[in-house]
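# What the coordinates show
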There are 2 protein chains.
Amino acid sequence: MTARTAADARAEARDAYRAGFAACPTNRLLDRMGDKWVGLVLKELAEGPQRYGELARSIPGASQKMLTQTLRHLERDGLLSRTVTPAVPVRVDYELTPLGQSLLPVLNAVTRWAEQNIGQVDRARRAYDAQQG
Amino acid sequence: MTARTAADARAEARDAYRAGFAACPTNRLLDRMGDKWVGLVLKELAEGPQRYGELARSIPGASQKMLTQTLRHLERDGLLSRTVTPAVPVRVDYELTPLGQSLLPVLNAVTRWAEQNIGQVDRARRAYDAQQG
DNA sequence: CGGGATCCGCAATGATACTG
DNA sequence: CAGTATCATTGCGGATCCCG
């Protein structure tokens, strides 16, 4: 059948919308910042360059894999730079780029809102949960 | 064996750290905002109250399930209110609460950075990909 | 020291059908 | 109209072993 059902139309609209959605800068950024360890890594590097091991010790919650993956993503996006110093043993330093530093104020805005309003959120959550299990 | 291996110690450190991590307001907020459709929904409701169907049409990329789930989460966190008007057919309106509105400037900060810097991010990404496939 | 490679479980996401 | 219920998928996050 070549009949165009309503479902087909909806599916097409979805796909078209999602193409635009994936390209939307805001959502791309939110997606990145929503990555579990991105916020922590940026906060750590905000205070200065650090070696891989230092980061790993500062953020013991992240597995090696996730820490490396997070660092690679941020490097790919140009938010931080990775510097390898050939020696024995090898030394690798991570540092925020100017672009990465320009993101810090945004991150701080998020942090400030979160700290100031987390109480209200928790109260709302308790009220919601109490009212209807 | 009751021997305490280094792996055990690391596992404990991880768990302890993660408990604190889960409680960190910033990460909780980033997690929520990172939810795929939260940004879109907030942007839509920023312009005024809307009915469920309006939202669904404005955001065709989201399935019914995900839209409803997103709305429920935001309602639970006290960021928006859900008003049911008993009628035939039923009418349900969603509206940002003051708390939800107070989050808009933060979201706008994210949007502004994203729009201004997405070009650099894309350039960095192309450079990274070109250099090492 | 700073990873890479691999395998795995589970939760997030989604498509579809049905309901008050 | 505004959902709920159900089932399928997939990929994130993680554990573990190995390497230069």
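Residues numbered from 1 in each chain as written. Chains lettered and ligands numbered in written order. Predicted model: local features only at pLDDT ≥ 70, side-chain atom pairs only at ≥ 80, totals over all residues. Heavy atoms only, no water.

Per an unreviewed UniProt entry, chain A goes by the name Transcriptional regulator and belongs to Kitasatospora indigofera.

## Section: the protein's contact with DNA strand C
Spelled out, the test is: Nearness is judged by heavy atoms alone; a residue qualifies as near a molecule or strand once a single heavy atom is within 4 Å of it. Definition of a polar contact: a pair of N or O atoms within 3.5 Å, with one able to donate and the other able to accept a hydrogen when the atoms are protein atoms, and with sequence-neighbouring residues admitted only if both atoms are side-chain atoms. Counting from the N terminus, the helices are the DSSP runs of H or I reaching at least four residues and the strands are the DSSP runs of E reaching at least two.
In the vicinity of DNA strand C, 20 residues are found, and the nearest of them are Arg82(A), Tyr94(A), Lys36(B), Trp37(B) and Lys65(B). Backbone atoms, meaning sugar and phosphate, make up 66% of the atoms of DNA strand C lying within 4 Å of the protein. Gly53(A) is positioned with one of its backbone polar atoms (N or O) 3.0 Å from a phosphate oxygen of DNA strand C. Elements with a contribution of two residues or more to the surface near DNA strand C: helix H1 (6-23), helix H4 (52-58), helix H5 (64-76) and strand S3 (91-96) of chain A together with helix H5 (64-76) of chain B. Here the surface near DNA strand C gets four residues from one element, more than from any other, and that element is H5(A).

## Some points on the interface of chain A and chain B
Much of the literature gives interface size as the accessible area that the parts lose upon coming together. Rules: Any pair of residues with heavy atoms lying within 4.5 Å of one another is described as a contacting pair. Note on terms: buried area is the combined drop in 1.4 Å-probe accessible area of two parts once they are placed together, counting the loss on both. When a carboxyl oxygen of Asp or Glu lies within 4 Å of a side-chain nitrogen of Lys or Arg, that pair is called a salt bridge.
Contacts between the two partners involve 49 residues from chain A and, on the opposite side, 50 residues from chain B. Contact between chain A and chain B buries roughly 4,600 Å² in total, counting both sides, with carbon and sulfur atoms accounting for 65%. Two residues, Arg28(B) and Asp122(A), come together in a salt bridge whose shortest N-O distance is 2.8 Å. For the side of chain A that touches chain B, the secondary structure elements donating two or more residues are H1, helix H2 (25-34), helix H3 (38-46), H5 and helix H6 (98-131) of chain A. Among the elements that take part in the side of chain A that touches chain B, H6(A) stands out by supplying 20 residues, more than any other.

## Structural notes on the protein's contact with DNA strand D
Counted only if it meets this: Only Asp, Glu, Lys and Arg are considered charged, only Ala, Val, Leu, Ile, Met, Phe, Trp, Tyr, Cys and Pro nonpolar, and every remaining residue, Gly among them, polar.
Taken together, 18 residues sit near DNA strand D, with Lys65(A), Gly53(B), Gln64(B), Arg82(B) and Tyr94(B) positioned nearest. Within 4 Å of the protein, the atoms of DNA strand D are drawn from sugar and phosphate moieties in a proportion of 66%. For DNA strand D, a phosphate oxygen lies 2.8 Å from a polar atom in the backbone of Gly53(B). Arg82(B) is positioned such that a nitrogen or oxygen atom in its side chain is 2.4 Å from a phosphate oxygen of DNA strand D. When residues of the surface near DNA strand D are traced back to their parent elements, those giving at least two are H5 of chain A together with helix H1 (6-23), helix H4 (52-58), H5 and strand S3 (91-96) of chain B. Among the elements that make up the surface near DNA strand D, the one with the highest residue count is H5(B) (four residues). A per-class count over the surface near DNA strand D returns seven nonpolar, three polar and eight charged.

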